[in-house]
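Descriptive structure summary
Here's the letter readout for the chains.
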Amino acid sequence: MIAKRLRRSLDTSICIRDIFEEGKKLADVYGKENIFNFTIGNPSVEPPAIVNEAIKEILDTEDPTSLHGYPANVGHPDVRAHIAEYLNKTYGCNYDENGIIMTVGAAAAIVVIANALLDQGDEVVTFAPYFWEYKSYVESLYGKLVPALCNMETLQPDPVTFEAALSPRTRFVIINTPNNPTGAVYTEESIIAVTDILKRKQEEYGHPIYLVSDEPYRKLAYDIEVPYLTHYYQNTIVVYSYSKALSIPGERIGYLAMEPCVQDMRDLYAGMTASMRYLGYVNAPSLQQKMLLKCVDASVDINIYKKTRDILYQGLVDIGYTCIHPDGAFYLFMKALEPDDFQFCKEAKKEKILMAPGAAFSGPGWVRISYCVPDEVAARSLPAFRRLYERYQNQ
């Protein structure tokens, strides 16, 4: 018998992976070419060649005992120093190796931060629509996730709603840009508005409010600059994953980064280091850490995703759907053709289209389309989307 708190979570959760697995079963019945599975953010672009080359070189040249043994909980010093140097050079920051912790992807980094910062009943604010697992990360550590609704015409943070979501119990704010599920890139104007409010509220409450910048999609931005948040707010903790930039989500490698100016930084670093052990991560995978010495600035060819986005976005708009143009990641937020986005997804399934209901991301009435699929799949799906649209128009 599982814990009651976990049972409650399972009873109210919407598992996108279950929908994805259902799509694979439908493909066995109807043929893979006849199923349009836009459910999960699983990269469809091959990793850069340097990823496999680096791993092979490491395995051929590194001492196995050292490579496969325990590194420090926070990660290999040379890897952390290399990442700090890269960030400083790329974004004009002031990191050093003692502000970098290697993590088991971005998810583990957020959980480690939550474990270090939250006492029971403490609050974490994020911008809705948001990645649904944030709620699980926070509530598993006895905190409360408080959503601040974005402007649903622009998908940018709404300053009024954001300020209302903050309270003296707020310990940190999660911001995710480029955004999952919407594909929005938050503008500099939005970032300034958010950080100005945080600066004022820190002073009012008399304690730091940390800004956790969750950035797995930073390198998947199309013809637009993604602001680097440390330039706007001192108490920023950057969380990064290489899952999307290198197309290696199964390798689970990422980091969290703090500059020396972050308030109580040394205590935070010690708490997060201990949290790596307490939560059972122990350390990030050693081989994948070493790989980054060769791959820290590598990236997939994002023009492949951009081409698919353009086919799908323009095709859907031409049919008559309401979509907000996505500037990053590989997600598109589309308005459902009825208020019940769950029912809309069920109707779409009749056309062999699988999407994630927006309510899963605190965006009811919308659906998330994950377009990390081959561009020919996106093109072939448009007649099915048209049939779905016409069926609703004829009701």
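Attention here is on the structure that accompanies the text. (Residues numbered from 1 in each chain as written. Predicted model: local features only at pLDDT ≥ 70, side-chain atom pairs only at ≥ 80, totals over all residues. Heavy atoms only, no water.)

What follows concerns the packing of aromatic side chains. The relation between two aromatic rings is expressed through the spacing of the ring centres and the mutual angle of the planes. Following the criterion strictly, the structure yields 20 aromatic pairs and no others. Considering the side-chain rings of Y91 and Y228, the 4.2 Å spacing of their centres and the 5° angle between planes classify their relative orientation as stacked. You can see Y91 sitting in helix α5 (residues 77-91) and its partner Y228 sitting in the loop between β6 (210-214) and β7 (236-241), a full 137 residues away along the chain. Judged by centre distance (5.4 Å) and plane angle (25°), the ring pair of Y240 and Y255 falls under stacked. With Y240 in strand β7 and Y255 in strand β8 (residues 254-257), the pair connects residues that are 15 residues apart, well separated along the chain. A relative accessible area of 3% places Y255 in the buried class. Among the aromatic side chains, those forming a connected cluster through ring pairs are Y130, F131, W132, Y134, Y137 and F361. Above the ring of Y269, the side-chain terminus of R266 is found at 5.0 Å from the ring centroid. (Phe/Tyr/Trp six-rings, centres within 6.5 Å; stacked < 30°, edge-to-face > 60°. Helix = DSSP H or I, 4+ residues; strand = E, 2+ residues; numbered from the N terminus. Buried < 20%, exposed > 50% of the residue type's maximum accessible area, 1.4 Å probe, protein only. Lys NZ or Arg CZ within 6 Å of the ring centre and 35° of its normal.)

Moving on, we come to the pairing of strand β10 (residues 331-335). The side chains of a regular strand alternate, residue by residue, between the two faces of the sheet. Among the five residues in β10, four count as buried, and that is most of the element. Two successive antiparallel strands, strand β9 (residues 323-324) and β10, enclose a turn made up of six residues, where A329 displays a positive phi of approximately 60°. Bridge count for β10 against strand β13 (residues 366-370) is five bridges, and the pairing is antiparallel. Each bridged residue has a counterpart across the sheet, and for F333 the counterpart in β13 is R368. (Pairing = 2+ DSSP bridges.)

Our focus in this paragraph is helix α11 (residues 286-295). With eight of ten residues buried, α11 is to be regarded as a mostly interior element. Turning to α11, its buried residues are S286, L287, Q288, Q289, K290, M291, L292 and C295.

Strands sit in the order β9-β10-β13-β12 across an open sheet of four strands; the sheet is antiparallel. For this open sheet the edge positions go to β9 and β12 (356-357), each flanked by a neighbour on one side alone.

Another point: the nonpolar core. Counting residues in hydrophobic clusters, the biggest one holds 39 residues, and the most contacted among them are L316, Y321, M334, M355 and F385. Going through the elements one at a time, α12 (302-319), β10, α13 (341-349), β13 and α14 (375-393) are the ones with two or more residues in this core. With eight residues, α14 is the largest single contributor of residues to this core. Contact partners of Y321, with chain neighbours within four places excluded, come to L316, M334, K335, L337, F344, F385, L388 and Y389. Judged by nonpolar contacts, the second largest core, of 38 residues, contains V111, W132, Y137 and M258. (Core = buried A, V, L, I, M, F, W, Y, C linked by side-chain atoms within 4.5 Å. Contact = heavy atoms within 4.5 Å.)

Another aspect to go through is the pattern of salt bridges. Counted under the stated rule, the structure contains 16 salt bridges. The residue K306 makes a salt bridge to D223 at a minimum N-O spacing of 2.4 Å. One end of the pair, K306, is in helix α12; the other, D223, is in the loop between β6 and β7, with 83 residues separating them in the sequence. Residue classification places K306 among the partly exposed positions, given a relative accessible area of 21%. The salt bridge partner of D375 is K307, with a shortest N-O separation of 3.2 Å. One end of the pair, D375, is in helix α14; the other, K307, is in helix α12, and 68 residues separate them in sequence. The exposure class of K307 is partly exposed, given its relative accessible area of 48%. (Salt bridge = Lys/Arg side-chain N within 4 Å of Asp/Glu carboxyl O.)

This brings us to the side chain of N176. Residue placement: N176 occurs in strand β5 (residues 170-176). Engagement of the side chain of N176 in a polar contact is seen with the backbone oxygen of P178, the distance being 3.3 Å. Within the local environment of N176, its side chain forms a polar contact with the backbone oxygen of D214, the two atoms lying 3.0 Å apart. Apart from residues no more than four positions distant in its own chain, N176 is found in contact with Y134, Y186, D214, P216 and Y217. (Polar contact = N/O pair within 3.5 Å; in protein donor to acceptor, adjacent residues only side chain to side chain.)

Quick look at the sheet that holds β5 now. Taken in spatial order, the seven strands make up an open sheet running β2-β8-β7-β6-β5-β3-β4, and their pairing is mixed. Every interior strand has two partners, whereas the edge strands, β2 (100-103) and β4 (144-149), have only one. Geometrically, the sheet is characterised by an average inter-axis angle of 20° between neighbouring strands, direction not taken into account. Pairing between β5 and β6: five bridges, direction parallel. Directly across from V173, in β6, lies its bridge partner L211. Contacts between helix α10 (residues 265-278) and the sheet are confined to β2, β6, β7 and β8, with β2 contributing the most and set at about 20° to the helix. (Axes fitted to C-alpha atoms, helices over the stretch in contact; angles between N-to-C directions.)

Right, let's talk about the packing of α13 against α14 for a bit. Axis separation between α13 and α14 bottoms out at 10 Å; the angle between their running directions is 120°. In terms of orientation, α13 and α14 fall into the oblique class. By crossing handedness, the relation of α13 to α14 is classed as right-handed. Residues Q343, F344, E347 and A348 of α13 touch α14, and the partners they reach there are L388, R391 and Y392. Grouping the constituent residues of the contact of α13 with α14 by class yields four nonpolar, one polar and two charged. (Parallel < 35°, antiparallel > 145°, perpendicular 65-115°, else oblique. Left-handed = near helix turned anticlockwise from the far one by under 90°. Nonpolar A, V, L, I, M, F, W, Y, C, P; charged D, E, K, R; others polar.)

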